[in-house]
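This is what each chain is made of:
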Amino acid sequence: MTGLTLGIIGLALTALLCGIGSGLGLKATATASAGVLAEDPKKFGKVIILTLLPATQGLYGFAIAFIGASALPTIANLTSAGVLDSASQAQIMAQGWNVLMACLPMMIGGMVSAILQGKASAATIIAVGKNSETSKAFLFPAMIEFYALLGLVVSIILFNHFPVASIPNIRIDEPVKEAALAVASLLVG
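Residues numbered from 1 in each chain as written. Predicted model: local features only at pLDDT ≥ 70, side-chain atom pairs only at ≥ 80, totals over all residues. Heavy atoms only, no water.

**What to know about helix 6 (residues 139-161)**
Spanning 23 residues, helix 6 covers 33 Å between terminal C-alpha atoms, matching the ideal 33 Å at 1.5 Å per step. Taken together, the buried positions of helix 6 are P141, I144, E145, A148, G151, L152, S155 and F159. On its buried face, helix 6 is in contact with helix 1 (3-39), helix 2 (44-52), helix 3 (56-68) and helix 5 (89-130). (Helix = DSSP H or I, 4+ residues; strand = E, 2+ residues; numbered from the N terminus. Expected span 1.5 Å × (residues − 1). Buried < 20%, exposed > 50% of the residue type's maximum accessible area, 1.4 Å probe, protein only. Contact = heavy atoms within 4.5 Å.)

Take a look at the structure:
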């Protein structure tokens, strides 16, 4: 397994898990909205925003996958950064781990918050169905969005912390290098 493969796995899992979380969240909100709208179609304007709210995490996951691609240790990225000849295999492997780890805040935070936001939004949609004067309840699903945004911001900050041009500056101690190579040989096969 190469550093590039690790980075691609991180980016793909971020887009995938955030998308799955959004899909599950949307299932909850769409079900609740359908029930409310079956009884009172005039409430469409009040429930549509709550219905779509869990979809944002899927968009955030896609954005991180897109932004993170520039940090992948690809030949094109290494060449354009002018570090193709100066980066060691261990440093390139470390960059792959960096990309994977930078994805984690959005990967996990996005998936979990989308599912929980779907549940909170569904409960709010049901409350709107019972009483149209529940505008304060809109705050509860929005509070969960804050944590999805935190995951997005932290992942972006981490990606900006280790651009491809800094790969030759990654310091690999001998024991760490030996351990990384041993793990890599186990993964390869």
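**Thoughts on the nonpolar core**
What tends to happen in soluble globular proteins is that the nonpolar side chains get buried as a cluster. One finds L11, I64, V99, C103, M106, F159 and F162 to be the most contacted residues of the largest nonpolar core, which totals 16 residues. Looking at this core, the elements with two or more residues in it are helix 1, helix 3, helix 5 and helix 6. Ranked by residues supplied to this core, first place goes to helix 5 with five residues. Apart from residues lying up to four places away in sequence, C103 is in contact with G10, L11, T14, I64, S155 and F159. Core analysis: the next-biggest nonpolar cluster, separate from the first, contains eight residues, A87, A94, V164 and I167 among them. (Core = buried A, V, L, I, M, F, W, Y, C linked by side-chain atoms within 4.5 Å.)

**Things to note about the environment of C18**
You can see C18 is positioned in helix 1. Residue C18 is classed as buried on the basis of its relative accessible area of 0%. When the C-alpha atoms of C18 and G61 are compared, they prove to be 5.3 Å apart, with 43 residues separating the residues in sequence. Once residues lying within four places of it in the same chain are set aside, the contact partners of C18 are L13, Q57, G58, G61, M106, M107, G110 and M111.

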